[in-house]
Amino acid sequence: MTEPGRSTVLVIDDNEANRALAKAALEDEGHGVVLASSGGEGIEAFGRTRIDCVLLDVRMPGIDGFAVCQQLRRLPGGAEVPILFLTALRDVETFEMALTAGADDFLTKPVRPDELVARVDTSLKLRRMGRELREHAAVLRTQRDGMLRLHLQKERLMAFLVHDLKNPVSAMDLHAQFLLRDRGLSEDARASALQIRTEARRLNRMLLDLLDLSKADEGRLTPRPERVAIRPLFERVVAELAPLAEQREVTLRIEGEAVDFEVDADLMERMVANLVENAIRHAPARTTVRLEARAGAGGREVRVADAGKGIPAELRATVFDAFVQAPGGGVHRDAAGRGLGLAFCKLAAEAHGGRIEIEDGGPGATFSVRFPDDG
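A few points on the structure. What you are looking at is a predicted structure, and each value in this text was computed from that prediction instead of being measured.

1. Topic: helix α10 (residues 341-351)
Reasoning step 1: A large share of α10 lies buried, amounting to eight of its eleven residues.
Reasoning step 2: Positive phi shows up at Gly-353, right after α10, with a value of about 80°.

2. Re the packing of aromatic side chains
Reasoning step 1: Inspection of the entire model under this criterion finds three aromatic pairs.
Reasoning step 2: Arranged with centres 5.6 Å apart and planes meeting at 40°, the rings of Phe-66 and Phe-85 form a pair that is tilted. One end of the pair, Phe-66, is in helix α3 (residues 65-74); the other, Phe-85, is in strand β4 (residues 83-87), and 19 residues separate them in sequence. For the pair shown, Phe-66 and Phe-85 are each scored as buried.

3. Quick look at the environment of Gly-256
Reasoning step 1: Its place among the elements puts Gly-256 in strand β7 (residues 250-256).
Reasoning step 2: Discounting chain neighbours no more than four positions away, the residues touching Gly-256 are Arg-231, Glu-292 and Ala-293.

4. Topic: the sheet that holds strand β3 (residues 53-57)
Reasoning step 1: Taken in spatial order, the five strands line up as β2-β1-β3-β4-β5 in an open sheet, and their pairing is parallel. Each edge of the sheet is formed by a strand with only one pairing partner; in this case those strands are β2 (32-36) and β5 (105-108). Going across the sheet, the axis of each strand differs from the next one's by a mean of 20°, ignoring polarity.
Reasoning step 2: In the sheet, β4 pairs with β5 via four bridges, with the strands oriented parallel. In the strand pairing of β5, Phe-85 is matched with Phe-106.
Reasoning step 3: Relative to the sheet, helix α1 (residues 16-28) contacts β1 (8-12), β2 and β3, its axis offset from that of β2 by approximately 170°.

5. Notes on the sheet that holds β7
Reasoning step 1: Strand order in the open sheet made by the five strands is β7-β9-β10-β12-β11, with mixed pairing throughout. Each end of this open sheet is capped by a strand with a single partner; those strands are β7 and β11 (355-360). Direction aside, the axes of adjacent strands within the sheet are offset by 15° on average.
Reasoning step 2: Relative to strand β12 (residues 365-371), β11 is paired through six bridges, and the arrangement is antiparallel. When the bridges of β12 are listed, Asp-360 appears paired with Ala-365.
Reasoning step 3: The sheet contacts of helix α9 (residues 265-282) involve β7, β9 (287-296), β10 (299-305), β11 and β12, and relative to β12 the element is tilted by about 170°.

6. A few points about the pattern of salt bridges
Reasoning step 1: Considering all chains together, one arrives at 31 salt bridges under this definition.
Reasoning step 2: Its salt-bridge partner being Glu-255, residue Arg-253 comes within 3.8 Å of it at the nearest N-O pair.
Reasoning step 3: Classification of Arg-253 by relative accessible area gives partly exposed; the value is 42%.
Reasoning step 4: Residue Glu-255 is classed as partly exposed on the basis of its relative accessible area of 24%.
Reasoning step 5: The closest approach of N and O atoms between Glu-359 and Arg-303, which form a salt bridge, is 2.9 Å. Placement of Glu-359 in strand β11 and of Arg-303 in strand β10 is noted, with a sequence separation of 56 residues between them.
Reasoning step 6: Note on Glu-359: relative accessible area 22%, which makes it partly exposed.
Reasoning step 7: For Arg-303, a relative accessible area of 12% gives the class buried.
Reasoning step 8: One network of salt bridges, with partners in common, ties together Glu-199, Arg-201, Arg-202, Arg-205, Glu-240, Glu-277 and Arg-281.

Reading the values: the criteria
- Residues numbered from 1 in each chain as written.
- Predicted model: local features only at pLDDT ≥ 70, side-chain atom pairs only at ≥ 80, totals over all residues.
- Heavy atoms only, no water.
- Buried < 20%, exposed > 50% of the residue type's maximum accessible area, 1.4 Å probe, protein only.
- Helix = DSSP H or I, 4+ residues; strand = E, 2+ residues; numbered from the N terminus.
- Phe/Tyr/Trp six-rings, centres within 6.5 Å; stacked < 30°, edge-to-face > 60°.
- Contact = heavy atoms within 4.5 Å.
- Pairing = 2+ DSSP bridges.
- Axes fitted to C-alpha atoms, helices over the stretch in contact; angles between N-to-C directions.
- Salt bridge = Lys/Arg side-chain N within 4 Å of Asp/Glu carboxyl O.

Following this line, the structure appears as structure tokens:
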């Protein structure tokens, strides 16, 4: 039995860890909790206990969450009880099926405890509202569902871009490598093959950057730190971007110390590549782009400097925003004006607990990425 006036939440999930997490989070906020490990057990619990809200997993052996929701709606009191679906499936079809089955809300796993409690509390408050307020809430819920539907469609597009386009891009790179192994290739054809390799690897980097920006929106981008020697990483980036630098008559130079960083190697290499590519595209012909690493009392630092026109102080707060281009044709902007590379650099720096800044190069701009010593 639950205390008078205290809300009781029925948690139906076949995963014991998920049930325990929900129980702990809800009980910490004063809710009573009833646990069920299957759809059938949940339906029985609903029939014998006063339930104020239901958390319902989608994928369960036997009766799945959609069928459970439909049966609960037909039980006495079931039409008015908020039912919140929990699912690891992040797709529009699952979302639409949940709404059709009678769901009031839709949470995707992994669910943060504070978010779970907030959504349960909101559902309970809506249940207690009068009819007129509930009608207004229904309008807001429809708008919210539309936004979530668009968000899930965006995630599907991201998955398509990364997973479906990555293979043909990799194939382009492999074919270019095959051509370069032909010793009889003319100089013009060799230069074209090198350019194909450069552009294919840049496109692959853009796809991964786009995916990471999407992950960051969901709080799902987590670096995997390891000890990384920065000079070999610099050398790989210089080798990758050498054809672009040669085409633009720009020299790439590695300076500074042989410093080790405790960072995610893939995120770090893509960040440096984006910064160097951006610098090459804005460096005047017959100038140098410098890559440098430093270690000091406050942490470790990567610096990429060019001798271009630089970035006005009033624009420095916006150049790291995704899909934002600085106005003016001659102003230093994200590589090729796409608004992704520099946004990713800021994301990668902050994911490591660091920060990225722009300094006057006198002439040009210097992008400085600082990492704390604890990685």
